[in-house]
Amino acid sequence: MLKLDFHPAGRHFLQIPGPSPVPDRILRAISYPTIDHRGPEFGALGLRVLSDIKKIFKTEQPVVIYPASGTGAWEAALTNTLSPGDTVLMYETGHFATLWKKMAEALGLKPEFLGLPGIEGWRHGVRADLIEERLRKDAQHTIKAVCVVHNETSTGVTSDIAAVRKAIDAAGHPALLLVDTISGLASADYRHDDWGVDVTISGSQKGLMLPPGISFNAVSKKAIAASKTAKLPKAFWGWDEIIEMNATGYWPYTPNTNLLYGLSEALDMILGEGLDNVFARHQRLAAACRAAVNAWGLEVQCADPAVYSPVLTGVMTPAGFDADAIRKLIYENFNMSLGTGLGKMKGGMFRIGHLGEANELSLMATLSGCEMGLKLAGVPLKGSGVAAAMDYLTSQKRKPALKVA
Ligand SMILES: *Cc1c(COP(=O)(O)O)cnc(C)c1O
């Protein structure tokens, strides 16, 4: 029998940008006994999570919850709204945008891929002006949907979704707007209704602090109308039956009961802290992380300060230093996992996750592990990133008022 005795002392630092560490509170909630998914207690749980998850997406419309990873929810968004051969305008921000485009092709859609050439597109957010220009040329309205990634997890670059909505409206184009915020939700500000998004896709294992295994489609009235005539085959992913049964807190099949306990706990935690506080905490930690990267004299992957990700920071390694070899050194010496470079960035960068339950001291430990690993790898560093991050975080805290006796 395999003996599980390979765990080093102390806790493992899971600093990849998803799955993020699952707080003990959530793990405990998940360990409650599984109940009858047709029984009365389950209905109450279902209604609770279906109602409060809307606050996270900032929507009044239905949010569909699937027992699937984020990739399943990508497929659900496409198959519910589109028909075989439909042209979709997708935007290349990085590896996840590229995977979504491959899926569109596999489903029989015709994706057009917009973006800046080379790795430039992987260092900037979506250029809404390019989307507007393309839509203006589509006088016949053959483009049925615009698909963008809100927080590109492969690079640490966000995109301005409100600007994309404006671009679609400015072009007077009826295309649906589909947005992947699998890694952005509950870490970066997101507004499904205000930004006029038709389908928002998200997942459980990033900002929501849950294990992998559930994912979401937040929908609009326009998306639901499109689903009535969309012809891509769908059965398991079909919204209709799920939304109908969700009215009483149930699903047409067996939902992920224990992960829904976890979701209920996560909602308590996030709404208890307050979404604005959660977003501010992520911005603060991300700024401290970038201060460290700058002090090391390394480059942040995101080249546009207006769209730095609050979820993760991509760190480019200097020529001659393989980022994956550095990650391996850190893993073996300091029991910490960092994100690998994906696609075009393989070997040229690593990614530091600072999402979900991250706080000042978890970030400082993470940066210490990175700094020690960079030194072990012989990467020439300009200065101490750890010291710079501490200075930044200290500057963000208010000193208590001195009491004069
Ligand atoms: C994680 C992630 C995905 C894929 O989700 P899975 O849960 O791995 O299927 C897709 N898009 C983005 C932006 C992600 O961060």
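Before reading further, recall that the structure is shown in the block above.
Going along each chain's sequence as written, the residues are numbered from 1 onward. Selection of residues for local features in this predicted model requires a pLDDT of at least 70, selection of side-chain atom pairs for listing and counting requires 80 or more, and totals for whole chains, interfaces and linings are taken over all residues. Just so you know, side-chain values use all the structure's heavy atoms and leave hydrogens and water out.

## Observations regarding the site of the ligand
And step 1. Put simply, a residue is near a molecule or strand once any heavy atom of it comes within 4 Å of that molecule or strand. The ligand sits among 13 residues. The nearest are Ser69, Thr71, Thr153, Asp180 and Lys206.
And step 2. Within the side chain of Thr153, an N or O atom sits 2.4 Å from an oxygen atom of the ligand.
And step 3. Note that accessible areas follow from Shrake-Rupley with a 1.4 Å probe, and for residues the cover is restricted to the protein chains shown. Surface burial for the ligand is 88%, taken as the share of its 380 Å² of free accessible area covered by protein chains.
And step 4. Runs of E in the DSSP output that reach at least two residues are strands. Runs of H or I that reach at least four are helices, and both are numbered from the N terminus. The element contributing the most residues to the shell around the ligand is helix α3 (residues 70-81), with three residues.
And step 5. Think of it as three bins: nonpolar holds Ala, Val, Leu, Ile, Met, Phe, Trp, Tyr, Cys and Pro, charged holds Asp, Glu, Lys and Arg, and polar takes everything else, Gly as well. Split by residue class, the shell around the ligand holds four nonpolar, seven polar and two charged. Under the rule applied, a polar contact is a pair of N or O atoms within 3.5 Å (in protein, one hydrogen donor and one hydrogen acceptor; residues adjacent in sequence only if both atoms are side-chain atoms).

## Quick word on the nonpolar core
And step 1. We define a nonpolar core as any set of buried Ala, Val, Leu, Ile, Met, Phe, Trp, Tyr and Cys residues linked to one another through side-chain atoms lying within 4.5 Å. Here the term buried applies to any residue with accessible area under 20% of the maximum for its type, exposed to any over 50%, and partly exposed to those in between, with areas from a 1.4 Å probe on protein chains only. Trp100, Ile131, Val146, Leu208 and Leu263 are the most contacted members of the largest nonpolar core, which totals 85 residues.
And step 2. Top contributing element to this core by residue count: helix α9 (residues 257-273), with eight residues.
And step 3. We call two residues in contact whenever any of their non-hydrogen atoms come within 4.5 Å of each other. The residues contacting Ile131, other than those within four sequence positions of it, are Leu89, Tyr91, Leu114, Val126, Val146, Val148 and Val164.

## Re the pairing of strand β8 (residues 176-180)
And step 1. Burial runs high along β8: five of the five residues are buried.
And step 2. Neither face of β8 is left uncovered, since the one carrying Leu176, Leu178 and Asp180 and the one carrying Leu177 and Val179 both have all their residues buried.
And step 3. Strands qualify as paired when DSSP identifies two bridges or more between them. Sheet topology places strand β5 (residues 143-149) next to β8; five bridges connect them, and they run parallel. When the bridges of β8 are listed, Val146 appears paired with Leu177.
And step 4. Looking at chain direction, β8 and strand β9 (residues 199-203) are connected through three bridges and run parallel.

## Looking at the sheet that holds β8
And step 1. Taken in spatial order, the seven strands make up an open sheet running β2-β10-β9-β8-β5-β3-β4, and their pairing is mixed. Across the chains shown, the open sheet's two edge strands, defined by having one partner strand only, are β2 (63-66) and β4 (110-114). On average, each strand axis in the sheet is tilted by 20° relative to the strand beside it, whichever way the strands run.
And step 2. Think of each axis as a best-fit line through the C-alpha atoms, taken over the contacting stretch in the case of a helix, with angles from 0 to 180 degrees between the N-to-C directions. Along the sheet, helix α2 (residues 40-57) makes contact with β2, β9 and β10 (215-219), crossing β2 at roughly 110°.
And step 3. Against the sheet, α3 engages β2, β5, β8, β9 and β10, with an angle of about 165° to β9.

## Focus: α2
For the α-helix, the turn length of 3.6 residues means that residues three or four positions removed from each other point alike.
And step 1. By this rule the span expected of a helix is its residue count minus one, scaled by 1.5 Å. Between its first and last C-alpha, α2 extends 27 Å over 18 residues, near the 26 Å set by a 1.5 Å rise per residue.
And step 2. The set of residues buried in α2 consists of Phe42, Gly43, Leu45, Gly46, Val49, Leu50, Asp52, Ile53, Ile56 and Phe57.
And step 3. Just downstream of α2, Lys58 is the residue with a positive phi angle, here 55°.

## Brief notes about the pattern of salt bridges
Two side chains carrying opposite charge are able to pair once their charged atoms lie near each other.
And step 1. Salt bridges are identified by distance alone: a Lys or Arg side-chain nitrogen within 4 Å of an Asp or Glu carboxyl oxygen. With the rule as written, the count across this model stands at 23 salt bridges.
And step 2. Residue Glu112 pairs with Arg134 through a salt bridge whose shortest N-O separation is 2.7 Å. Here Arg134 lies in helix α5 (residues 128-137) and Glu112 lies in strand β4, a separation of 22 residues in the sequence.
And step 3. The class of Glu112 is partly exposed, set by a relative accessible area of 29%.

## Focus: the environment of Ala389
And step 1. Its location among the elements puts Ala389 in helix α13 (residues 385-395).
And step 2. According to the relative accessible area criterion, Ala389 is buried, its value standing at 0%.
And step 3. The spatial distance from the C-alpha of Ala389 to the C-alpha of Pro84 is 51 Å, given a sequence separation of 305 residues.
And step 4. Not counting residues up to four positions away in its chain, the partners in contact with Ala389 are Ala288, Ala292, Met364 and Leu367.

## Notes on the packing of α5 against helix α6 (residues 161-170)
And step 1. Between α5 and α6, whose axes approach to 8 Å, the crossing angle comes to 20°. One element, α5, and the other, α6, form an angle in the roughly parallel class. Both α5 and α6 take part in a crossing whose hand is right-handed. Two secondary-structure elements touch here, α5 through Ala128, Ile131, Glu132, Leu135 and Arg136 and α6 through Ala163, Val164, Ala167, Ile168 and Ala170.
And step 2. The class makeup of the residues in the contact of α5 with α6 is eight nonpolar, no polar and two charged. Just so you know how the angles are binned, under 35 degrees is roughly parallel, over 145 roughly antiparallel, 65 to 115 roughly perpendicular, and the rest oblique. For a crossing to be left-handed, the near helix must be turned anticlockwise from the far one by less than a right angle; the clockwise case is right-handed.

## Some words on the sheet that holds strand β12 (residues 312-316)
And step 1. Strand order across the open sheet formed by three strands is β11-β12-β14, with antiparallel pairing between neighbours. Each edge of the open sheet is held by one strand with a lone partner, namely β11 (299-300) and β14 (349-353).
And step 2. Pairing of β12 with β14 involves five bridges; the strand directions are antiparallel. The partner of Thr313 across the bridge, within β14, is Ile352.
And step 3. Its contacts with the sheet place helix α10 (residues 275-296) against β11, β12 and β14, and it is angled at close to 10° to β12.

## Some thoughts on the side chain of Ser220
And step 1. Note that Ser220 resides in the loop between β10 and α7 (221-227).
And step 2. If we skip the residues at most four places from it in the chain, Ser220 touches Gln61, His192, Val197 and Asp198.

## So, the side chain of Gln205
And step 1. The topology assignment puts Gln205 in the loop between β9 and β10.
And step 2. If near-sequence neighbours (up to four positions away) are discounted, Gln205 is found in contact with Gly18, Pro19, Ser20, Leu210, Pro211 and Pro212.

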